[in-house]
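# Overview (structure and organization)
Letter by letter, the chains look like this.
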Amino acid sequence: QMHLAESGGGLVQSGGSLRLSCTASGDTFSKCLMGWFRQTPGKEREFVASISWRAGRPTYADSVKGRFSVSRDSAKSTMYLQMTNLKPGDTAVYYCAARSICYADVSAYTNGPDYGTWGQGTQVTVSS
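We now turn to the structure provided with this report. (Residues numbered from 1 in each chain as written. Predicted model: local features only at pLDDT ≥ 70, side-chain atom pairs only at ≥ 80, totals over all residues. Heavy atoms only, no water.)

### So, the sheet that holds strand β8 (residues 78–83)
Backbone hydrogen bonds hold the strands of a sheet together, and the pairing may be parallel or antiparallel. The strand order β1-β3-β8-β7 describes an open sheet built from four strands, whose pairing is antiparallel. Looking along the sheet, the strands with just one partner apiece sit at the ends: β1 (2–7) and β7 (68–73). Shown here is a sheet whose adjacent strand axes are inclined to one another by a mean of 15°, direction ignored. Both β1 and strand β3 (residues 18–26) contribute to a ladder of six bridges, which runs antiparallel. Opposite Leu 4, over in β3, you have Ala 24 as the bridge partner. (Pairing = 2+ DSSP bridges. Helix = DSSP H or I, 4+ residues; strand = E, 2+ residues; numbered from the N terminus. Axes fitted to C-alpha atoms, helices over the stretch in contact; angles between N-to-C directions.)

### What to know about the state of the cysteines
Tallied over the entire structure, the rule returns two disulfides. Through a disulfide, Cys 22 is tied to Cys 96; the S-S separation comes to 1.8 Å. Negative torsions about the S-S bond denote left-handed disulfides, and the value of about -70° found for Cys 22 with Cys 96 makes this one left-handed. Here the residue Cys 22 occupies a position in strand β3, and Cys 96 occupies one in strand β9 (residues 92–99), the gap between them amounting to 74 residues. (Disulfide = S-S within 2.5 Å.)

Here it is, written out as structure tokens:
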């Protein structure tokens, strides 16, 4: 079984930066894709970014493209999300997720049900 753990959330002012980390443990060798989602109370979980594990191909939501950058360190089984120029609208709980098998192009997996393993989330708060 694979487990995911996020870290790096916190409080930052508008225009600031944060880097989130997600480390996989346990059975980490059956994943094809890892991604970031975010959620605010009363709203559905929203896709942020993903990265294919072997090739490192990134996919971004339009709302964060140009500001966020996703990367991974395969040796450490860790995925990162570098967030810059943060805005109050980015305030949310950020979740790490992993998908074990990919049948389609990795850019197609942008919905929560596409992923089978989830972390507990880390809070990001951006003040105006």
